[in-house]
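Now for the letters of each chain:
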Amino acid sequence: MAKQQPIEIFMPPNMLKAKVGGGAVGLDMSAIKRAEKAIETLKVEFGDWINADVDKLVECRDRFAQSQDDDHQGDLYRAGHDLKGQALTFGFPMAARVASSLCKLLDGNVRAPLPLIDAHVNAVRVIVRKNIKDETDQIAIAVATELESRVTETLGA
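Residues numbered from 1 in each chain as written. Predicted model: local features only at pLDDT ≥ 70, side-chain atom pairs only at ≥ 80, totals over all residues. Heavy atoms only, no water.

Help me understand the overall build of the chain, please; the structure alone is not making it clear to me.
Check the secondary structure of the chain and you find six helices and zero strands. Starting at the N terminus, the α and β elements of the chain follow one another as α-α-α-α-α-α. By the compact-globule yardstick of 15 Å for 157 residues, the chain is too spread out, its C-alpha radius of gyration being 24 Å. Projected onto its principal axes, the C-alpha coordinates of the chain cover approximately 80 × 55 × 35 Å. Put simply, of all contacts in the chain between residues at least 6 apart along the chain, 69% involve residues at least 24 apart. About 10700 Å² of surface is accessible on the chain, with carbon and sulfur atoms providing 55% of the total. Looking at charge distribution, the chain has the averaged site of its 20 positive side-chain charges lying 6 Å from that of its 23 negative ones. (Helix = DSSP H or I, 4+ residues; strand = E, 2+ residues; numbered from the N terminus. Rg over C-alpha atoms; globule rule 2.2 N^0.38 Å. Contact = heavy atoms within 4.5 Å. Areas by Shrake-Rupley, 256 points an atom, 1.4 Å probe, with all protein chains shown as cover. Lys, Arg positive; Asp, Glu negative; His and termini not counted. Charge placed at Lys NZ, Arg CZ, Asp CG, Glu CD.)

As structure tokens, this is what we get:
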């Protein structure tokens, strides 16, 4: 039997650790506290920001209703997509879910029916107006589930 060579372990240098300053650097708790305080200060404005996003969605929907062309559908999609991302940040997961469903509908290969678009936009408006932040709200879940199934049906997926 051949003599086995000893195992050699090579540890590549951790360049990130070297650039940060090695392992001795701890978290700057004062910076974390300042960031938390800044977020708390901004939370007061979250309501205004989400309402502005909803208003933009409604405006885009209204323009799309007047002229159902690709440009207006694109604007509506972008407003829905922005709301999808922002709603989670602002604490409205159900609004984000409905906005996500709207984006899926608008991103499909079919002309989205206006009544289904309206249902999505109105659902988002109600969720934000009623301040539904709980993702276990049974009515919001039922509405979102129904909208998602209608989108799937419309897209033929």
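Next comes the rest of the account.
Whenever I open this one, the pattern of salt bridges confuses me. Can you help?
In a structure, side chains of opposite charge can pair up when their charged atoms sit close to one another. This structure, assessed with the given rule, holds eight salt bridges. Residue Arg111 is joined to Asp70 by a salt bridge in which the shortest nitrogen-to-oxygen separation is 3.2 Å. On the criterion of sequence distance, the pair formed by Arg111 in the loop between helix H4 (93–106) and helix H5 (114–129) and Asp70 in helix H3 (residues 70–89) is long-range, its members being 41 residues apart. When salt bridges with common partners are traced through the structure, they connect Arg61, Asp62 and Asp118 into a single cluster. (Salt bridge = Lys/Arg side-chain N within 4 Å of Asp/Glu carboxyl O.)

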